[in-house]
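Fold and geometry: a report
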There are 2 protein chains.
Amino acid sequence: MNLEAEQTYFMQQALVEAKKAYLINEVPIGAVVVHDGKIVGRGHNLREWLEDATVHAELVAIQEACRTLNSWRLVDCDLYVTIEPCLMCSGAIINSRISRVFYGAPDLKAGAVNSLYQTLTDSRLNHQVEVFSGLYADKSAQLMKDFFKAARKKRKSVK
Amino acid sequence: MNLEAEQTYFMQQALVEAKKAYLINEVPIGAVVVHDGKIVGRGHNLREWLEDATVHAELVAIQEACRTLNSWRLVDCDLYVTIEPCLMCSGAIINSRISRVFYGAPDLKAGAVNSLYQTLTDSRLNHQVEVFSGLYADKSAQLMKDFFKAARKKRKSVK
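Let us look at the structure shown here.

Cut-offs applied
- Residues numbered from 1 in each chain as written.
- Chains lettered and ligands numbered in written order.
- Predicted model: local features only at pLDDT ≥ 70, side-chain atom pairs only at ≥ 80, totals over all residues.
- Heavy atoms only, no water.
- Phe/Tyr/Trp six-rings, centres within 6.5 Å; stacked < 30°, edge-to-face > 60°.
- Buried < 20%, exposed > 50% of the residue type's maximum accessible area, 1.4 Å probe, protein only.
- Lys NZ or Arg CZ within 6 Å of the ring centre and 35° of its normal.
- Least-squares fit on C-alpha atoms with pLDDT ≥ 70 in both.
- Patch = residues over 30% accessible without salt bridge, like charges linked within 9 Å, V, L, I, M, F, W, Y side chains within 5 Å.
- Areas by Shrake-Rupley, 256 points an atom, 1.4 Å probe, with all protein chains shown as cover.
- Salt bridge = Lys/Arg side-chain N within 4 Å of Asp/Glu carboxyl O.
- Lys, Arg positive; Asp, Glu negative; His and termini not counted.
- Charge placed at Lys NZ, Arg CZ, Asp CG, Glu CD.
- Helix = DSSP H or I, 4+ residues; strand = E, 2+ residues; numbered from the N terminus.
- Disulfide = S-S within 2.5 Å.
- Pairing = 2+ DSSP bridges.
- Axes fitted to C-alpha atoms, helices over the stretch in contact; angles between N-to-C directions.
- Contact = heavy atoms within 4.5 Å.

On to the packing of aromatic side chains, then. In total, this model carries 13 aromatic pairs over all chains according to the counting rule given. Considering the side-chain rings of Phe147 of chain A and Phe148 of chain A, the 5.1 Å spacing of their centres and the 80° angle between planes classify their relative orientation as edge-to-face. Residue Phe147 of chain A is classed as buried on the basis of its relative accessible area, which comes to 11%. Overall, Phe148 of chain A belongs to the partly exposed group, its relative accessible area being 38%. Taken together, the ring pairs connect Tyr9, Phe10, Tyr80, Phe102 and Phe132 of chain A into an aromatic cluster. The ring of Trp72 of chain B carries the charged tip of Arg47 of chain A above its face, separated from the ring centre by 3.8 Å.

So this is what it looks like as structure tokens:
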């Protein structure tokens, strides 16, 4: 697989995770962590399911990657995520020393990679991350739009 | 207990947690989450122990509080932590809708509450947090200094 095909494949896998979240009525965001061409951690948002504010897709994927590699340092690992990470997840990316982040669509209200903050490239911190965005941005954003549209419809029908 | 005595007590409990981390050679930071005058979550740093970059004291305490209250929304909850939270933990505090944060000593290199970022009071985000700092700052900072001094000594003796 060439590099571009590889990146497309891993973002597709992040989208597979996002769809899993969609199917259980979670905000549909998915992520995978990749090391040496293999997925070592994957996750989707489970906030409502587990009643836990910390189980965003990226955190679940990072925790699984730490278990797989038996190390808190995810050196030479890439993270693919459908939507721009929030502050918590950006912090987790920095704390786990991930090398590169690929995200699909921006999150203008809470994004901490480009939109509200540029945490991953902050030279004051002890780790910086290469950032790539836009891959499958439309599909990632559409899944979110569909989800919130359906949620609004459901709320209206309950009233 | 009056309010001040209560706050002192809860910060002492965060210090108890920090000392637990110290005893197992983890960077000594501790935290408790308080709801309705009771501790509903407590935690200390377990990064090396669990080989997981995400298990900072605050995250462990927040996750336990979510389980205790069976809700990802920690409404009317306070978090006490010995050292200023990093980006990840500040994000988790915002995501879990914690009302007030009390921290002991600042973290000038990674603190995301006052030092490098002021995330908890950022009006662009969908939740803001009241912040109080300085309670047991000296004890909290001293524990960190002792830890890093001992770690340096150990490294030297290995050489």
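Picking up after the structure, the text goes on.
Before going further, it helps to spend a moment on the relation of the copies chain B and chain A. The two copies are related by a screw operation: chain B maps onto chain A through 180° of rotation and 0.0 Å of translation along the axis, at an RMSD of 0.0 Å. Each copy turns onto its partner about a two-fold axis. Scanning chain B for the C-alpha nearest the rotation axis identifies Met88 of chain B, at a separation of 2.0 Å.

All right, on to a positive patch on the surface then. Together, Lys149, Arg152, Lys153, Arg155 and Lys156 of chain A make up a region of like positive charge exposed at the surface. Structurally, Arg152 of chain A can be placed in helix H5 (residues 137-158).

What follows is about the state of the cysteines. The term disulfide refers to a covalent linkage connecting the sulfur atoms of a pair of cysteines. Here the structure, examined in full by the defined rule, presents zero disulfides over all chains. The thiol sulfur of Cys66 of chain A is not disulfide-bonded, and the nearest other cysteine sulfur, from Cys77 of chain A, lies at 8.5 Å. Assessed through its relative accessible area of 1%, Cys66 of chain A is described here as buried. Its sulfur unpaired, Cys89 of chain B is 4.0 Å from the next cysteine sulfur, which belongs to Cys86 of chain B.

To continue, consider the sheet that holds strand S4 (residues 100-105) of chain B. Residues and elements named next belong to chain B. On the basis of which strands lie adjacent, the open sheet formed by five strands has the order S2-S1-S3-S4-S5 and mixed pairing. Every interior strand has two partners, whereas the edge strands, strand S2 (38-44) and strand S5 (130-133), have only one. Strand-to-strand twist across the sheet, computed as the mean angle between neighbouring axes with direction ignored, equals 15°. When strand S1 (residues 30-35) meets strand S3 (residues 77-83), the two strands line up antiparallel, connected through five bridges. The residue of S3 that forms the bridge with Val33 is Leu79. In this fold helix H1 (residues 3-23) packs onto S1, S2, S3 and S4, with an angle of close to 30° to the strand it touches most, S2.

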